[in-house]
Every structure is written in C-alpha cells, then in structure tokens.
2 protein chains.
Amino acid sequence: MKIGPLLLLLCGLLVPATLTAQQTTLTVPSQHNLMPVPASIQFGTGRLSITSAFQVATKSYSDARLRAALNRMMKRLSDRTGITFTPVIKNDESQATLVIDCAGPGRTIPAVDEDETYQLDVSDHQARLTAPTVVGALRGLETFLQLISADHDGFLLPAVTIRDQPRFRWRGLLIDVARHYQPIEGLKRNLDAMAAVKLNVFHWHLTENQGFRIESRKFPKLHQMGSDGLYYTQEQAREIVAYAAERGIRVVPEFDMPGHSTAWLVGYPELASLPGPYEIERHAGIFDPTLDPTRDEVYKFLDTFIGEMAALFPDAYLHIGGDENEGKQWDRNPQIQAFMKEKGLKDNHALQAYFNQRLLKILQKHKKKMIGWDEILQPDLPRDVVIQSWRGPTALAEAARKGYDGILSNGYYIDLMYPASQHYLADPIPANSTLTPEEAKHILGGEATMWGEYVSPETIDSRIWPRTAAIAERLWSRPDVTDIDDMYRRLAAVNIELEELGLTHERNRQVLLRRLAQTKDIGPLETLVSLVEPVKEYRRGQQRPSTMLSPLTGLVDAAHADSDTARQFSNMVEALLSDAPHFRTEEVQRALRGWRDAGPQLNSILERAPALHEARPLVDDLSEMARIGLEATSYLTDTVAPTTQWRDASLARLEQTAKPKAAVEFAIVPSMRLLVIAAAELPSLQQLSPADWKLRVKSLAKPPAK
Amino acid sequence: MKIGPLLLLLCGLLVPATLTAQQTTLTVPSQHNLMPVPASIQFGTGRLSITSAFQVATKSYSDARLRAALNRMMKRLSDRTGITFTPVIKNDESQATLVIDCAGPGRTIPAVDEDETYQLDVSDHQARLTAPTVVGALRGLETFLQLISADHDGFLLPAVTIRDQPRFRWRGLLIDVARHYQPIEGLKRNLDAMAAVKLNVFHWHLTENQGFRIESRKFPKLHQMGSDGLYYTQEQAREIVAYAAERGIRVVPEFDMPGHSTAWLVGYPELASLPGPYEIERHAGIFDPTLDPTRDEVYKFLDTFIGEMAALFPDAYLHIGGDENEGKQWDRNPQIQAFMKEKGLKDNHALQAYFNQRLLKILQKHKKKMIGWDEILQPDLPRDVVIQSWRGPTALAEAARKGYDGILSNGYYIDLMYPASQHYLADPIPANSTLTPEEAKHILGGEATMWGEYVSPETIDSRIWPRTAAIAERLWSRPDVTDIDDMYRRLAAVNIELEELGLTHERNRQVLLRRLAQTKDIGPLETLVSLVEPVKEYRRGQQRPSTMLSPLTGLVDAAHADSDTARQFSNMVEALLSDAPHFRTEEVQRALRGWRDAGPQLNSILERAPALHEARPLVDDLSEMARIGLEATSYLTDTVAPTTQWRDASLARLEQTAKPKAAVEFAIVPSMRLLVIAAAELPSLQQLSPADWKLRVKSLAKPPAK
C-alpha cells in the first residue's frame with residue numbers, strides 16, 4: 001500500500017518538528033537509555049556489578065525458548081563487556097546475579113493476545129525478572145540489557161524497579177521483499193532488532209507486481225516465473241517463522257490481491273482480467289494487471305493457494321492486501337462488465353467487495369482471520385476483519401466506531417525518509433481522539449512500513465533503523481512519552497545496541513562511499529553525506545529515474561533519513577543566538593570551516609569518480625553555505641551589520657542550496673538561513689533586552705514560507 | 001595443523017621485510033590494479049567506455065554456470081558504476097561490449113587438473129574473453145572487473161591484451177570452522193572473495209578438539225554432542241559445495257584424525273584410546289584424546305563415516321589431518337602397547353603410519369585420494385597421497401623428490417598476524433630450489449590457513465583479507481612478481497573490490513570500536529587502533545588468556561595484522577631522512593601532533609568504557625611517542641643536537657612502548673626509533689655529504705638488535 005503526497009499532507013505527517021516540539025513535556029528521567037520507555041520505572045539506590053561471576057538461574061517455569069533467549073542475552077552481555085561468563089543456566093537462585101521467575105510458556109504460537117507483562121527488580125545483590133509468560137520474560141531481558149551502564153569501576157545496573165506492559169498489542173514492521181528481494185539473513189537480523197525494541201509482528205509483504213517471493217508447490221510457476229529466481233523456499237519460510245517465534249514475534253504474510261499482482265500472472269495469465277502474456281514489472285508505481293473476480297477458476301486457484309500458505313504460516317491472520325486497485329482492466333473487459341450488471345454491482349468498489357467476500361470465505365475455510373488495507377472496508381464486511389490504515393487515525397477511528405479492529409500505518413511510512421521525530425509523534429489514538437474506551441480497544445496498534453522500491457540488502461537496515469525504534473516506543477510506551485530531544489538521546493544508545501545484533505545501518509555507509517570514491521580516503525565525502533538527507537516522499541523517482549534493475553549504490557543510498565549532524569548544528573545555532581548578544585561563535589565556526597575545507601578535497605575525489613559526478617552541485621552548495629555562514633558569524637562576532645545586498649544575495653544563494661540535487665537535500669539550510677537573518681537583523685536586535693532577544697530569535701527560528 | 005614459534009624461525013618466515021625488499025625488482029607496469037598479476041599483459045592504445053549500452057554476448061559454448069557468473073559480474077559492474085544495464089545475455093556478438101568465447105564446460109566437478117587459461121583482448125570497441133573452459137572464463141571475468149578504471153569522461157577499460165594462466169594449480173584457503181563456528185553466509189562471502197583473486201580450493205577444516213561441525217546421519221552423536229548445536233547440516237554442506245563449484249572452487253573437507261579428535265569422542269567415547277567420558281575442549285592447544293588405532297571397531301566406524309562424507313563431498317581428495325598426535329594416550333594404554341609389540345611397531349610414529357595405511361584403504365574404497373599434513377609422510381606411504389606442509393619448502397621439496405605431490409602452507413599461516421609482505425615472499429618453489437623441472441611438478445601449490453582460535457563471525461574477514469590476496473598472487477603469478485610496494489598499492493584497490501562482494505573486514509572495525517566505547521564518537525580510538533597490530537604468532541593466548549567461550553570483541557580484535565598507517569609513516573620518515581639535510585618535517589609533525597592530541601580524548605573515552613581499560617598503557621605510550629617524535633623532529637629542523645641523556649631516555653621510553661599491551665603492539669616504534677637516532681646523530685651526520693647521508697640513513701634504518 002502506497003500513499004500519495006496529498007494524503008500525507010492531509011494526515012499531518014508534514015507538521016515540522018520545530019512546531020510540535022514545543023508541545024512536548026519531559027516525562028521520563030534522563031538518566032536511563034531505555035527504549036521503549038517502560039510503563040513504570042522507579043530508581044533506587046545502589047548498583048549491581050557485572051563481573052565474571054555473573055550467573056543466571058531460572059525459577060518456576062523454563063523451556064527451550066527461554067533458555068535460548070538467555071544464552072543469546074549472555075552472549076551479547078559478554079561481547080559488550082569483554083567478560084567471559086560460564087554459560088550455564090542454574091536452578092539454584094542463591095548465587096545467581098539474574099533470576100528469571102517465569103510462570104508459564106504463554107501461547108505456543110505467538111498471538112495477538114499474548115501477555116507481554118514483566119517486572120524487573122534490580123537490587124545491589126541480584127536482579128529478578130518476573131513474568132507470566134516466556135514472551136514477557138523475553139521483553140524483560142531486553143530491558144535488562146538496555147539497563148547496563150558503566151563507570152570507573154566497571155559495568156553495572158542501577159538499582160531499579162520496573163513494571164512494564166505494552167500500550168498496544170500489535171506492534172509491527174512490514175518489510176516489502178517483493179520489489180527488491182532481501183536474503184533471509186537480512187530478515188533474521190531485522191527480527192533480532194525488532195525484538196530488541198519489543199516489536200512483535202513481522203508483516204511479510206511477499207507478493208507484488210515486481211516479484212512473487214514465496215515458493216508454491218501447488219502452483220510452482222508463481223515463484224519460478226515471477227521472481228527472477230529470488231524467492232524463499234517453504235523451508236526458509238518455516239525457518240523465519242520459527243526464528244521470529246523464538247523472539248516472541250508473529251509473522252503475518254501478505255499476498256496482495258486483486259491488484260499488485262502482475263508477478264502472479266507471469267506464470268498464470270489465465271487468472272488475469274485481460275489476456276496476457278505478462279512480464280515481471282520493473283518500474284515503481286500503480287499498475288493495471290488484476291485478478292479476475294468473476295471466474296470460479298480464480299477462486300478455486302486461490303482456495304488451493306491460500307490453503308497451502310495457511311499451512312505454512314501459523315499466525316491467526318493472513319493479509320490479503322486489497323489496496324490500490326483502480327479496476328482499469330475490469331473496465332476494459334466486457335465479460336466482467338456483464339458480470340457486474342448481472343450481479344447488480346454498481347462500480348469497481350462493489351466488485352472488489354464481492355471479491356473480498358468470496359476471499360473471506362476461503363480464508364475462513366482455512367481458519368485464518370482476514371486483514372487488509374483501508375480499501376477493503378466496505379458495507380457488509382464482517383466485524384472480525386482487521387483494517388490496516390494508510391489513510392490515518394481518523395479513518396481508523398471510524399472503523400473502530402463501526403466495530404472493526406484496526407492498526408495504523410499512516411505516519412509510520414519509513415520509506416518516505418522523514419526523520420524519527422515525525423514518526424514519533426504519530427499516534428494510533430491521538431490525544432484529541434473522541435473514541436470511547438470500549439471503541440479504543442479496537443485500535444490494536446500500528447506497523448512501520450518498509451516499502452521496497454529503493455531498498456537493497458546493503459541499505460535496508462539503514463532505511464529501517466534506528467528510526468523504527470522511535471515508532472516501537474510510540475506503540476509500547478505511555479502516550480505522554482513524547483520528548484523529542486530525550487528520544488534522540490536514547491536513540492543514540494539503541495543505535496549501538498542494534499549494531500551489536502549485526503545490523504548494518506551504520507557500517508554500510510562507508511562501504512557505499514568507498515565504492516563510490518574507489519578509495520579508502522573518504523573523510524570529506526563522509527562530511528558531505530552527513531549533511532544531506534534523501535528527498536522526502538516519492539520525489540526520488542522523479543529526480544533520479546530508475547527501475548528495479550538499477551543499482552542502489554548512489555550518494556542518496558548512503559544518505560540517512562535523519563541527519564544527526566544537521567540536528568546538532570541546529571542546536572549549536574540556536575544556542576548561539578539564544579545567548580545573544582554574546583555570540584560565542586567558535587563551535588559554529590569550527591563546523592563551518594570544516595565544511596569549507598572539505599570542498600576542494602571533495603572536488604579532487606569527484607574528479608576521479610564518475611559515479612559521484614551527480615554530486616558536483618552539492619559540493620558547490622556546501623562551499624557556498626560555508627562561506628555565507630562564516631560571513632554571517634563574522635558579522636555577529638564583530639557586531640557589524642551586513643548590507644541588505646549581502647542579506648538578499650545570501651538568502652538567494654541559500655534558496656539554491658535548498659533545492660534537491662542527486663535526490664538528496666541539505667538538512668542544514670534552515671540553520672544557515674537563521675544565521676543570515678540574525679546577522680541582517682543585528683541593528684534591530686541590538687535595541688532589545690536579552691529577554692526580548694530570545695523571543696525575537698524564536699520568531700526567526702520559524703521556518704520561512706517556501 | 002599448528003606450528004611452533006621455533007619452527008617458524010627455522011623456516012624463515014621471520015625474515016624482516018626491510019631486508020628482503022631490497023632483493024625485489026619492479027617487474028609489472030604500475031598503471032594497473034590487477035591482482036594476481038597475469039602471466040602476460042600488453043597494453044595498447046585506446047579505451048573501451050562502459051556506458052548504459054553495455055552488453056554481453058556469449059559465443060560458442062554457454063551454460064547455466066557461465067550465465068550466472070555473467071549476471072553476477074554485471075551486477076557488480078552496475079553497483080560500482082551506478083549505471084543501469086539491460087541484464088540480457090545475447091548470442092549476437094556484433095553489438096556486444098564484452099564477448100565471451102568459451103570452448104566448453106571443462107570438468108563438471110571442479111578438479112585439480114582444470115584448465116584455467118584465458119585470454120582477454122580489449123580494443124576501443126569491444127572486449128573479447130576467450131577460454132577453453134567455463135572456469136577459465138570465470139577467471140577472465142574477474143580480470144575484466146579489475147581492469148575497470150575511470151577518468152573525467154567516465155568508466156573505461158584500457159586497450160590491452162592479456163594471456164593468463166596460473167603458476168600453481170592448487171591455490172587454497174583453509175578455514176577452521178571447528179574452534180569457532182562460522183555461519184554459512186560468512187563462508188559464501190569468503191568464497192566470493194576467493195574467486196575474485198582466483199583462488200580455487202576451499203579447505204574446510206570441519207573437526208577438532210573444540211568442535212565437530214558437520215551433520216552425520218550415520219553417527220548423529222558426532223554433531224549433536226560435539227558442536228554445541230553449531231554445525232552444518234548436510235544440505236548446507238551441499239549448498240556450500242555447489243556455491244563453490246559455481247565459482248570454480250573445489251571443496252576439500254578435512255576430518256582431522258587420529259589426534260585433534262576430542263569432539264568426536266564426546267558422543268562416541270568408545271573410539272578413544274583411553275576410557276571417557278569426554279567433553280568438548282574449550283581451550284586452545286594440543287590435547288591428548290586420540291582415536292584408538294588398534295581396534296577393528298574404530299576402522300568399521302571410520303569406513304561408514306568416510307563413506308557418508310565421500311558421498312557428500314564430490315572432490316577427489318579427502319583430508320585426514322594426521323598432525324600433532326603425540327600419542328600420550330597410546331603410551332598409557334597397556335592394550336595398545338601390547339598391540340604395538342605384537343605388530344612390531346617400534347614407536348608411536350609407526351603406530352600412526354599403521355593407522356594411516358588402514359585409513360588409506362578406506363579412502364580408496366570410497367574413491368578418495370588422501371591428503372594430510374607433513375606427519376603422514378612415513379615409509380611405505382603410497383605415492384598418490386598428497387602432503388600439506390606446515391614445515392616448509394624444504395620438507396616439501398624432499399617429499400617431491402620422493403615422488404609425492406605436495407602443497408605449501410608454511411609461510412601462509414595468516415592466523416599468526418604477520419603483514420601481507422611476509423606471506424607474499426614465501427614461495428612453494430623458492431628461487432634457490434634445486435628441484436628438477438620434473439620434481440617441481442609435484443609441488444601443486446599452497447594454502448593460506450585461517451586457524452580459528454581467535455576468529456569470530458564478526459572478525460573472520462579481517463583476519464583473512466586483504467592479506468590472502470597477496471598469497472593468491474604468489475600462487476598464481478610469475479615467481480618474479482615480488483615488488484612489495486606495488487603489491488600494497490594494488491592490494492588497496494583489491495580491498496575495495498572485496499568490500500563490494502560483501503566482505504566485512506573494513507566495516508566491522510568501527511562496529512567493534514563503537515561497542516567498546518559505547519559511543520559513535522570513536523575518532524581518537526580509530527587513530528589508536530590504526531597504529532597497532534595484534535601480537536604475532538601465538539603470543540595472544542599468553543598475554544590475554546581466554547577460552548573458546550570468551551568474547552572476541554576487544555581492541556586486539558579490532559586491530560588488523562597490517563597497519564597501513566604505520567607503513568605510510570615509515571615511508572614518511574624514510575623520505576624525511578633521505579632528503580637530509582633539508583628535513584622537511586611538516587608531514588611527519590602533522591601525524592605526530594594528531595597522535596598527541598588523540599591522547600586526552602582517548603583518556604576521556606576510556607574513563608567511561610571498562611572494556612577499554614586494558615588500553616590505558618597504550619594511550620600513555622602513544623602520548624609519549626608523539627612527544628618524543630615531536631622533540632626529535634624539532635632537533636632535526638633546528639639542526640640542534642640533543643643531549644645524550646635525551647637520546648638515552650627517549651630510546652629507553654621507546655623500548656617500553658615496544659612491549660605489547662592488551663595483546664597488541666605499536667607498529668610505528670621502528671620509525672620512532674629512527675627519528676630519535678637521526679636527531680642524536682645530527683653532529684656526525686652534518687659532517688657528511690648528501691650521498692653519504694643516504695648511506696648512513698640506510699644503516700640507521702636497520703632494525704636494532706632486541
């Protein structure tokens with residue numbers, strides 16, 4: 001399911017962080033790095049040291065899943081601390097550093113009603129993790145690892161009592177493996193990362209116009225002809241399901257229909273609404289090929305196929321997609337038109353509702369509950385169907401009022417390349433929601449969606465992480481946990497924890513840059529890429545046309561959605577201006593000089609690297625921004641006002657730098673603009689008291705109209 | 001097979017590079033980045049541009065293996081250049097940029113007598129790759145990719161004619177997956193890397209005291225009880241064999257016996273020479289447990305086991321280890337002593353020879369040729385057994401004179417952490433060899449050996465690469481290709497090519513440092529680690545005791561065997577001194593100031609990072625070295641001679657810095673020493689003419705006696 005820019009605007013995703021940040025309050029103690037923030041946390045006094053004497057004991061219930069999780073935890077603890085532990089899990093709790101008191105196994109197949117509660121009590125001699133289920137214990141183990149810190153004397157946990165449970169029970173990540181295939185080791189890494197931030201649903205988007213990625217033994221031409229040989233065997237699918245279950249994660253497979261189905265039709269054109277032949281789609285977009293909802297053979301096919309998949313995927317839910325079908329093929333097929341007339345189906349929506357009703361019966365036959373995108377919500381849809389909303393919390397609330405369970409994905413479209421702060425404030429039940437508590441129970445949670453148009457095995461981790469950890473917090477923690485600065489502070493710690501798990505989001509950036517530059521000396525290139533972000537929404541495809549066969553190895557692929565450097569620079573500039581009229585410019589100038597000096601070095605790299613030629617205007621922009629910024633800070637330090645010409649020329653040049661090039665855009669432009677305006681306003685500012693300065697600076701900080 | 005420090009000394013691996021470098025001559029044009037250097041290379045004039053019109057055509061023979069290799073090649077080319085290609089392989093060569101003219105499939109199972117010859121002709125309108133076999137074509141495709149360079153106008157290949165074939169036909173890499181398990185995706189990455197530098201044998205060291213890593217369906221307790229659950233299924237083994245074959249690489253499995261077999265005996269103690277029970281060994285070293293060579297049941301077991309493995313691994317050879325059995329269990333078993341007396345076996349060597357003879361019959365029954373380490377070479381050993389020599393070229397030559405085929409591993413023990421330059425000069429047939437051409441044919445080649453005591457999935461790539469590329473060149477290229485500077489220059493290019501293939505040797509260093517420091521700001525730590533190397537030979541275990549259960553996440557694990565920075569600094573210092581009496585010290589001083597400034601920053605990182613506390617003395621050493629170096633360069637620039645006290649105190653302090661700490665050692669100490677001596681010798685040097693200066697500097701450059 002993809003959403004258009006217009007809808008995004010309507011749904012408020014574009015509200016700038018600078019505005020919403022003012023509404024946030026500091027609700028969590030800043031001394032811990034926990035993400036998601038637990039429901040209740042009470043720090044005590046004292047510390048529990050982590051030494052080579054560290055031991056784990058289980059009390060009450062224990063099983064293979066719990067023991068495997070404990071072994072993984074000890075391995076991570078050992079890798080992080082450098083301490084060799086005795087990897088034996090004892091039953092005697094007297095000597096144990098960590099005692100796991102687990103009441104029972106919980107659900108054998110991970111389920112939406114699983115109890116994920118846990119309590120963690122750390123004193124100066126022991127940590128005790130209590131949970132009603134193994135999954136609760138797994139969640140608590142992640143908290144245990146996040147609690148570890150260090151001081152002069154070594155590694156430790158602070159004394160603390162944590163009582164925790166999730167706000168929402170459906171906390172998911174969709175990975176689209178259809179547009180670009182992702183090897184299973186990449187999926188496993190991401191399941192590990194999901195578990196680390198307590199996500200519990202892997203939504204596996206397996207079929208698309210661009211690829212059919214799951215082996216079907218009943219209809220082998222589906223994967224054989226629809227995947228370029230890049231598909232998961234059934235054994236691999238079982239491996240992923242088991243790997244996820246070990247981590248308390250459900251796997252919800254999606255077979256998108258009746259649209260988004262070109263890849264099905266390559267092998268089975270007889271399912272289509274118009275005659276074939278069909279080829280695997282190589283472009284991004286919405287396409288016409290659609291299953292024919294009027295023929296019994298199609299339902300017979302789907303019955304067999306769904307039956308096969310239902311046996312492969314044990315989750316109670318099966319996702320049928322159902323999105324973005326415009327029915328163009330239906331309009332052009334007289335037989336389908338006749339069918340609609342005969343059945344009294346007044347439009348394509350009605351025909352799709354008819355399709356969904358028949359599909360629902362097939363799912364029910366195979367003991368699966370249906371989940372689908374917004375569009376499937378049509379009159380007469382049974383109440384046990386779950387709606388996944390790309391439209392937004394309002395659409396979701398409407399469905400809830402009608403009695404439908406739903407999950408939110410609007411606001412969590414991580415492929416749109418918005419910063420974590422934006423996703424962080426999207427809430428499945430916003431503060432202004434008018435749902436009754438009973439109605440609100442229908443809002444099961446949400447899912448981040450990693451659509452795959454521009455995602456390779458090399459870049460996928462950096463597209464998902466660390467931003468998805470902020471979404472995970474939104475879905476787990478209390479609704480008033482909304483402090484953006486504190487979120488970013490904790491995200492930096494989680495980021496390193498994610499690397500421990502094998503995630504490649506940080507390490508692969510340099511690999512991309514070294515390949516682009518064909519040298520190990522990429523320092524200046526790192527400077528450049530740290531200041532830019534990929535263009536937002538769906539502009540990449542316009543700016544830098546490509547197909548599914550294009551390499552994903554450009555500068556834009558090395559750029560991350562959330563420029564840490566730009567955020568830090570923005571803080572520096574705000575601090576500089578808030579401190580007026582002192583103008584302590586050293587730090588800002590040091591940064592600007594670094595960017596200025598990078599220019600000539602970058603040009604010399606680009607000279608020898610044709611794959612970086614598209615970055616030439618960016619290098620010019622960077623040099624110009626550094627020049628303008630240094631001039632502005634000179635005016636501020638010297639308290640000499642610049643001319644109007646300087647101001648206008650500088651702002652005009654900055655407008656140029658604000659324009660995306662090579663499908664990336666500088667994230668520092670607003671800060672640069674602020675420096676220029678502050679310098680230009682010096683005479684008027686100088687008349688003000690320090691207090692008025694601050695107010696004035698705040699008004700300057702508002703983003704200029706574009 | 002492990003070798004002791006004394007033997008290493010005897011075999012000449014310790015000859016310092018500075019001495020042997022003088023013997024080398026520049027024999028290859030410096031304008032290309034090919035590694036290994038082809039047998040014959042003739043540059044023409046003109047260039048072949050790589051554009052989006054790039055097309056591949058096959059002529060004559062083509063098959064699935066060749067087409068898969070072409071698709072992989074095009075993917076790499078596309079990723080590197082950023083250009084979208086049409087991934088269609090044509091039959092019509094008229095429009096093709098690259099034509100593959102392959103005569104036939106070659107051997108269906110990769111074999112030691114495979115013809116790997118190829119010819120590559122690049123003109124300004126077409127490249128043409130001609131080969132008698134698919135494997136020859138695969139080798140040529142790697143050369144094609146390495147030829148790609150860039151200029152102002154884009155990517156290109158220079159016009160060239162290359163005729164190439166390997167000097168040796170057995171060019172291997174041993175990976176010990178027994179001491180530490182390595183997941184199959186890591187093995188696949190390394191197979192890709194091997195293919196990139198034209199290695200053709202993956203020697204899979206599958207069993208050890210510390211682990212039995214292959215599933216046996218006949219004797220499941222082998223892997224079930226001997227592996228901690230970390231083993232390869234037979235399906236995975238087949239997957240690796242197929243993956244290797246696709247790349248023209250043989251897979252030779254090793255089942256080490258009768259020693260190195262503790263892990264076998266955990267499940268089957270009845271095979272041992274003394275009663276059990278046995279446990280998986282957790283330490284590094286040589287251990288006593290040994291198969292009992294006197295009992296028929298043992299041979300019956302081996303017959304069944306070898307039969308099972310012979311079916312799994314199609315290669316003609318099967319490696320039986322045979323090394324480092326001291327027979328201590330035999331000495332203590334009266335029944336075995338009685339057996340020896342009865343059979344007239346005068347010592348344990350004779351008993352092992354008896355074992356090998358019976359084992360050989362089992363291998364022959366299952367149609368496998370035997371290969372084993374030096375020790376198996378005993379009187380009466382049939383001539384078709386291959387000797388793998390850890391003892392050295394002399395032992396190998398002796399075996400060759402007796403008519404045995406052999407491969408060299410002495411000199412290629414990459415686990416000893418010597419720089420590439422050392423391995424590079426080890427030759428299976430040294431220049432002073434007295435073998436006749438007929439005898440020399442018995443020297444099949446060599447193998448780099450990645451023993452697994454200190455190798456994790458996270459670090460293995462950095463332990464193997466890029467150094468093994470230099471060994472690959474030794475085994476492929478002409479014996480007179482020995483220019484070390486040129487090797488390092490080309491190695492830098494290969495290094496980036498290896499990253500393209502997914503190798504993690506560079507990217508994981510920062511991951512290790514970020515985990516150690518628990519922060520993203522690791523610049524100063526990178527400076528430190530770039531200047532140190534892990535201690536050589538087997539000193540790590542002495543300096544930093546650990547077991548197979550210890551984490552491999554310390555500073556030593558982030559350090560690489562070959563400090564590029566130290567090598568560059570050494571060149572800078574030599575240039576500085578060679579240019580006397582000008583003493584252009586700027587570059588050297590800049591480096592020294594960087595190291596000086598890193599000191600306080602490092603201390604502040606270490607303060608918060610208990611896992612780095614062991615690095616504290618290194619930080620002190622670095623600061624002191626920077627201070628001494630800056631003082632020395634001041635004396636040189638000012639042409640003021642220091643006092644004798646300064647000289648003595650400085651050299652004494654440098655002696656301290658030369659001592660390993662945290663199992664790493666500074667690679668810059670010799671250069672620092674040189675600076676001090678040069679400064680101290682200023683008065684005598686000033687008496688000399690520039691020409692005499694150079695001579696004097698050369699004598700100063702000799703490493704001081706320890």
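Describing the overall build of chain A
Argument step 1. When you go through chain A residue by residue, the secondary structure sums to 29 helices and 20 strands.
Argument step 2. For chain A, the C-alpha radius of gyration of 27 Å lies close to 27 Å, the compact-globule estimate for 706 residues.
Argument step 3. Principal-axis analysis of the C-alpha atoms gives chain A an extent of 80 × 70 × 55 Å.
Argument step 4. Counting over 706 residues, chain A shows a buried share of 61%.
Argument step 5. Element-wise, carbon and sulfur atoms account for 53% of the exposed surface of chain A, whose accessible area totals about 26000 Å².
Argument step 6. A gap of 1 Å separates the mean positions of the 80 positive and 89 negative side-chain charges of chain A.

Structural notes on helix α5 (residues 184-196) of chain A
Residues and elements named next belong to chain A.
Argument step 1. Taking 1.5 Å per residue as the helical rise, α5 with its 13 residues ought to reach 18 Å, and the 18 Å between its terminal C-alpha atoms agrees with that figure.
Argument step 2. Counting buried positions along α5 gives twelve out of 13 residues, so the element sits mostly inside the fold.
Argument step 3. Listing the buried residues of α5 in full gives Ile184, Gly186, Leu187, Lys188, Arg189, Asn190, Leu191, Asp192, Ala193, Met194, Ala195 and Ala196.
Argument step 4. Immediately beyond the C-terminal end of α5, within one or two residues, lies Lys198, with a positive phi of roughly 65 degrees.

Overview of the sheet that holds strand β17 (residues 406-408) of chain A
All names here are of chain A.
Argument step 1. One closed barrel accounts for eight strands, arranged β9-β10-β13-β14-β15-β16-β17-β18; its pairing is parallel. Looking at each pair of strands side by side, their axes are set apart by 25 degrees on average, direction ignored.
Argument step 2. Relative to strand β16 (residues 386-389), strand β15 (residues 369-373) runs parallel, the two being bridged by three bridges. Note that in β16 the partner of Trp373 across the bridge is Gln388.

Section: the interface of chain B and chain A
Argument step 1. Across the boundary between the two partners, chain B contributes 40 residues, which contact 40 residues of chain A.
Argument step 2. Looking only at chain B, the three residues that lose the most surface to chain A are Ile496, Arg507 and Arg515 of chain B, adding up to 15% of its buried area.
Argument step 3. Between the two partners, chain B and chain A, sit six salt bridges.
Argument step 4. Its salt-bridge partner being Lys520 of chain A, residue Asp564 of chain B comes within 3.1 Å of it at the nearest N-O pair.
Argument step 5. On inspection of chain B and its partner chain A, the count reaches 14 residue pairs in polar contact (both at pLDDT 80 or more).
Argument step 6. Listing elements by their share of the side of chain B that touches chain A, those giving two or more residues are α3 (64-81), β7 (149-151), β8 (154-164), α18 (484-500) and α19 (507-517) of chain B.
Argument step 7. Among the elements that make up the side of chain B that touches chain A, the one with the highest residue count is α19 of chain B (six residues).

Considerations on the pairing of strand β18 (residues 443-450) of chain B
Residues and elements named next belong to chain B.
Argument step 1. Burial of β18 is extensive: eight of the eight residues sit out of reach of the surface.
Argument step 2. Note: strand β9 (residues 170-176) against β18, six bridges, orientation parallel. Of the residues in β18, the one forming a bridge with Ile175 is Met450.

With respect to the packing of aromatic side chains
Argument step 1. All told, the structure shown has 42 aromatic pairs over all chains when counted by the stated rule.
Argument step 2. Connected via pairs of aromatic rings, a cluster forms that spans Tyr181, Phe202, Trp204, Phe212, Tyr232, Phe255, Trp264, Phe305 and Phe313 of chain A.
Argument step 3. Sitting above the plane of the Trp476 of chain B ring, Lys198 of chain B keeps its charged end 5.8 Å from the centroid.
Argument step 4. Taking NZ or CZ as reference, Lys221 of chain B lies 5.0 Å from the ring centre of Tyr268 of chain B, over its face.

Overview of the sheet that holds β9 of chain B
Across a sheet, paired strands are connected by hydrogen bonds in the backbone, their directions being either parallel or antiparallel.
Residue and element names in this part refer to chain B.
Argument step 1. The strand order β9-β10-β13-β14-β15-β16-β17-β18 describes a closed barrel built from eight strands, whose pairing is parallel. The sheet shows a mean angle of 25 degrees between the axes of neighbouring strands, taken without regard to direction.
Argument step 2. The pairing of strand β17 (residues 406-408) with β18 spans three bridges and is parallel. Paired with Gly406 across the bridge in β18 is Ile443.

Structural notes on the relation of the copies chain B and chain A
Argument step 1. Placing chain B over chain A gives an RMSD of 0.1 Å and needs a rotation angle of 180 degrees, together with 0.0 Å of translation along the axis. The transformation relating the two chain copies, once decomposed into turn and shift, fits a two-fold axis. Closest approach to the rotation axis within chain B is made by the C-alpha atom of Arg507 of chain B, at a distance of 2.6 Å.

Description of the pairing of strand β14 (residues 317-321) of chain B
Residue and element names in this part refer to chain B.
Argument step 1. Taking burial as the measure, the five residues of β14 include five buried ones, the bulk of the element.
Argument step 2. Residues Tyr317, His319 and Gly321 point to one face of β14 and Leu318 and Ile320 to the other, with burial holding for every one of them.
Argument step 3. Pairing of strand β13 (residues 250-257) with β14, which is carried by two bridges, proceeds in the parallel orientation. Looking across to β14, one finds that Glu254 is bridged to His319.
Argument step 4. By the bridge criterion, three bridges tie β14 to strand β15 (residues 369-373) in an arrangement that is parallel. Across the sheet, residue His319 finds its bridge partner in β15, namely Ile371.

Quick word on the confidence of the model for chain A
Argument step 1. Across chain A, the average pLDDT comes to 93, with 95% of residues at 70 or higher.
Argument step 2. Here residues 1-30 of chain A scores under 50 on pLDDT; set against residues more than four positions off or in separate chains, the count is 64 contacts.

Quick word on the packing of helix α7 (residues 234-246) of chain B against helix α9 (residues 296-312) of chain B
Residues and elements named next belong to chain B.
Argument step 1. Two elements in contact, α7 and α9, have axes separated by 10 Å at closest approach and are oriented at 45 degrees. Here α7 lies oblique to α9, going by the angle between them. Residues Gln234, Ala237, Arg238 and Val241 of α7 form the contact with α9, whose participating residues are Glu308, Met309 and Leu312.
Argument step 2. For the contact of α7 with α9, the per-class residue count stands at four nonpolar, one polar and two charged.

A look at the pattern of salt bridges
Argument step 1. For the structure shown, the criterion picks out 102 salt bridges over all chains.
Argument step 2. Between Lys346 of chain A and Asp347 of chain A there is a salt bridge; the shortest N-O distance is 3.8 Å.
Argument step 3. The class for Asp347 of chain A is partly exposed, based on a relative accessible area of 28%.
Argument step 4. Residue Arg653 of chain B is joined to Glu624 of chain B by a salt bridge in which the shortest nitrogen-to-oxygen separation is 3.4 Å. Here Glu624 of chain B lies in helix α25 (residues 616-638) and Arg653 of chain B lies in helix α26 (residues 644-657), a separation of 29 residues in the sequence.
Argument step 5. Where salt bridges share partners, they join Asp621, Glu624, Arg627, Glu631, Arg653 and Lys661 of chain A into one cluster.

Reading guide: rules and limits
- Residues numbered from 1 in each chain as written.
- Chains lettered and ligands numbered in written order.
- Predicted model: local features only at pLDDT ≥ 70, side-chain atom pairs only at ≥ 80, totals over all residues.
- Heavy atoms only, no water.
- Helix = DSSP H or I, 4+ residues; strand = E, 2+ residues; numbered from the N terminus.
- Rg over C-alpha atoms; globule rule 2.2 N^0.38 Å.
- Buried < 20%, exposed > 50% of the residue type's maximum accessible area, 1.4 Å probe, protein only.
- Areas by Shrake-Rupley, 256 points an atom, 1.4 Å probe, with all protein chains shown as cover.
- Lys, Arg positive; Asp, Glu negative; His and termini not counted.
- Charge placed at Lys NZ, Arg CZ, Asp CG, Glu CD.
- Expected span 1.5 Å × (residues − 1).
- Pairing = 2+ DSSP bridges.
- Axes fitted to C-alpha atoms, helices over the stretch in contact; angles between N-to-C directions.
- Contact = heavy atoms within 4.5 Å.
- Buried area = accessible area lost by both parts, 1.4 Å probe.
- Salt bridge = Lys/Arg side-chain N within 4 Å of Asp/Glu carboxyl O.
- Polar contact = N/O pair within 3.5 Å; in protein donor to acceptor, adjacent residues only side chain to side chain.
- Phe/Tyr/Trp six-rings, centres within 6.5 Å; stacked < 30°, edge-to-face > 60°.
- Lys NZ or Arg CZ within 6 Å of the ring centre and 35° of its normal.
- Least-squares fit on C-alpha atoms with pLDDT ≥ 70 in both.
- pLDDT = per-residue confidence, 0-100.
- Parallel < 35°, antiparallel > 145°, perpendicular 65-115°, else oblique.
- Nonpolar A, V, L, I, M, F, W, Y, C, P; charged D, E, K, R; others polar.

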